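Structural features, examined
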Amino acid sequence: MDTVKIGIIGCGNISGNYFRTARNFSVVECVACADALPERAAQAAAEYGIPRACSVNELLAMPEISIVVNLTNPQAHKEISLRAIAAGKHVFTEKPLAVNRTEGAEILAAAQAAGVRVGAAPSTPLGGGLQTCRRLLDEGAIGRPIAASAFMMSRGHEHWHPNPDYYYQPGAGPMFDMGPYYLTALTTLLGSVKRQSGAASILIGERTITSEPLNGQRITVNTPDHVAGTLEFANGAIGTIITTFATYASKLPRIEIYGTEGTLGVPDPNTLGGPVLLARGRGEWEELPLSHGHTVGREQWGMGVVDMAHATLTGRAHRQTGAQAYHVLDLMQGFLECAATGAYHTLESAFERPAPLPLGLAEDLLD
């Protein structure tokens, strides 16, 4: 199979997983990287054997690059994605697609006009864990899905992240930071949402950093650190979700899907693997073997980029689409709007569920 050349813009914490992914799949080759801090791009190029570290302008001008991987901070997603689209490149961006619906819609409209593809993280729905869950649901393992729950319960980032202030500012918080994993998983498994409600608040308004190098500094929280909501799926299922940076500890499951004939325990959507749990009959849980590969997070984290590369060569639709990413963005913004207004939000966005991966444990089964 031919090789699709990619360029990565943004060489921060998450970039290493994308560089490793590119190194592990022959269908993609990372030929350049760029960062607002040139020394960071140079360091990444040296560490991962990237032929060229350069400026953003230089990377976008390289004719051999087909896909730009946008790993900048969310506030820069719109600018970088639009510049890549204007340069005739397909774009795969880290989550979220943008910081609000308006910016997300601009990206999708520009891509459609230019005839290029947009994809977005997370790629975790392509991992063996969630693909196994997708197969079980499609085969009717729990009957008709009627409800779902999703819980992202956390203390927050100030205890471990080297620069946690961003996560407590508008455009972040638990919903925009972690919500994409949970909402992308839920919508991959159950489809589009037609209506939602939400409640949100700042529960711990000031945080003290205990991680290095900013130990002792204080953070003023300027966006809700606890968001709860309901989801009414187009297929009739009712979902409940909580994302929080305000809980000390929790034993709640990550995601469960409830059906007329059983319950499916879905693995952490921030991972690629299992475990996948199923309860039927007397309600006793059993762990099921994974039916799909792609479970090594650090080495396969950018699976969405790999899938997009395959899709550009074969002409099929890629799986982590801009339409789904926009629907997730619509939901995240909707939760905060519902909390502010006290009203339901009826979604205008929708997307077509991506095709499941072929059945099997091989690590190159994408078409």
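The present account deals with the structure reproduced in this document. The structure presented is a predicted model; accordingly, all values stated were derived computationally and were not measured.

**So, the sheet that holds strand 3 (residues 53-54)**
Sheet architecture is open: six strands sit in the order 3-2-1-4-5-6, paired in parallel fashion. At either end of the open sheet lies a strand with only one pairing partner, and these are strand 3 and strand 6 (118-120). By the bridge criterion, four bridges tie strand 4 (residues 67-70) to strand 5 (residues 90-93) in an arrangement that is parallel. Among the inter-strand pairings, isoleucine 67 is bridged to a residue of strand 5, identified as histidine 90. Helix 4 (residues 77-86) contacts strand 1 (4-9), strand 4, strand 5 and strand 6 of the sheet and is inclined by roughly 160 degrees relative to strand 5. Running at roughly 160 degrees to strand 5, helix 9 (residues 303-314) makes contact with strand 1, strand 2 (28-34), strand 4, strand 5 and strand 6 of the sheet.

**Remarks on the nonpolar core**
By size, the foremost hydrophobic cluster in this structure holds 100 residues, and its most contacted members are Tyr18, Phe19, Leu59, Leu183, Leu231, Ile257 and Leu264. Leucine 264 has contacts with Cys133, Leu136, Leu137, Ile142, Ile255, Glu256, Ile257, Val276, Leu277, Leu278 and Trp285, leaving out every residue within four places of it along the chain.

**As for the pattern of salt bridges**
All told, the structure shown has 17 salt bridges when counted by the stated rule. Arginine 218 is the salt-bridge partner of glutamate 206, the closest N and O atoms lying 3.1 Å from each other. Linking glutamate 206 in strand 9 (residues 206-208) with arginine 218 in strand 10 (residues 218-220), this pair joins segments that are 12 residues apart in sequence. Look at glutamate 206 and you get partly exposed, because its relative accessible area is 46%. Judged by its relative accessible area of 56%, arginine 218 is exposed.

**Digging into the sheet that holds strand 15 (residues 276-280)**
Two pairing modes exist for strands in a sheet, parallel and antiparallel, and in both the strands are linked by backbone hydrogen bonds. Taken together, the nine strands give an open sheet; going across it, the order is 16-15-14-13-7-12-11-8-17, and neighbouring strands pair in mixed fashion. The open sheet has two edge strands with one neighbour each: strand 16 (284-288) and strand 17 (345-346). With five bridges joining them, strand 7 (residues 145-153) and strand 13 (residues 255-259) adopt antiparallel strand pairing. Following the sheet pairing, alanine 150 is matched in strand 13 by isoleucine 255. Here helix 10 (residues 322-341) sits on the sheet and contacts strand 8 (193-201), strand 11 (226-233), strand 12 (238-244) and strand 17; the angle it forms with strand 8, its principal contact strand, is near 50 degrees.

About the criteria used
Residues numbered from 1 in each chain as written. Predicted model: local features only at pLDDT ≥ 70, side-chain atom pairs only at ≥ 80, totals over all residues. Heavy atoms only, no water. Pairing = 2+ DSSP bridges. Helix = DSSP H or I, 4+ residues; strand = E, 2+ residues; numbered from the N terminus. Contact = heavy atoms within 4.5 Å. Axes fitted to C-alpha atoms, helices over the stretch in contact; angles between N-to-C directions. Core = buried A, V, L, I, M, F, W, Y, C linked by side-chain atoms within 4.5 Å. Buried < 20%, exposed > 50% of the residue type's maximum accessible area, 1.4 Å probe, protein only. Salt bridge = Lys/Arg side-chain N within 4 Å of Asp/Glu carboxyl O.

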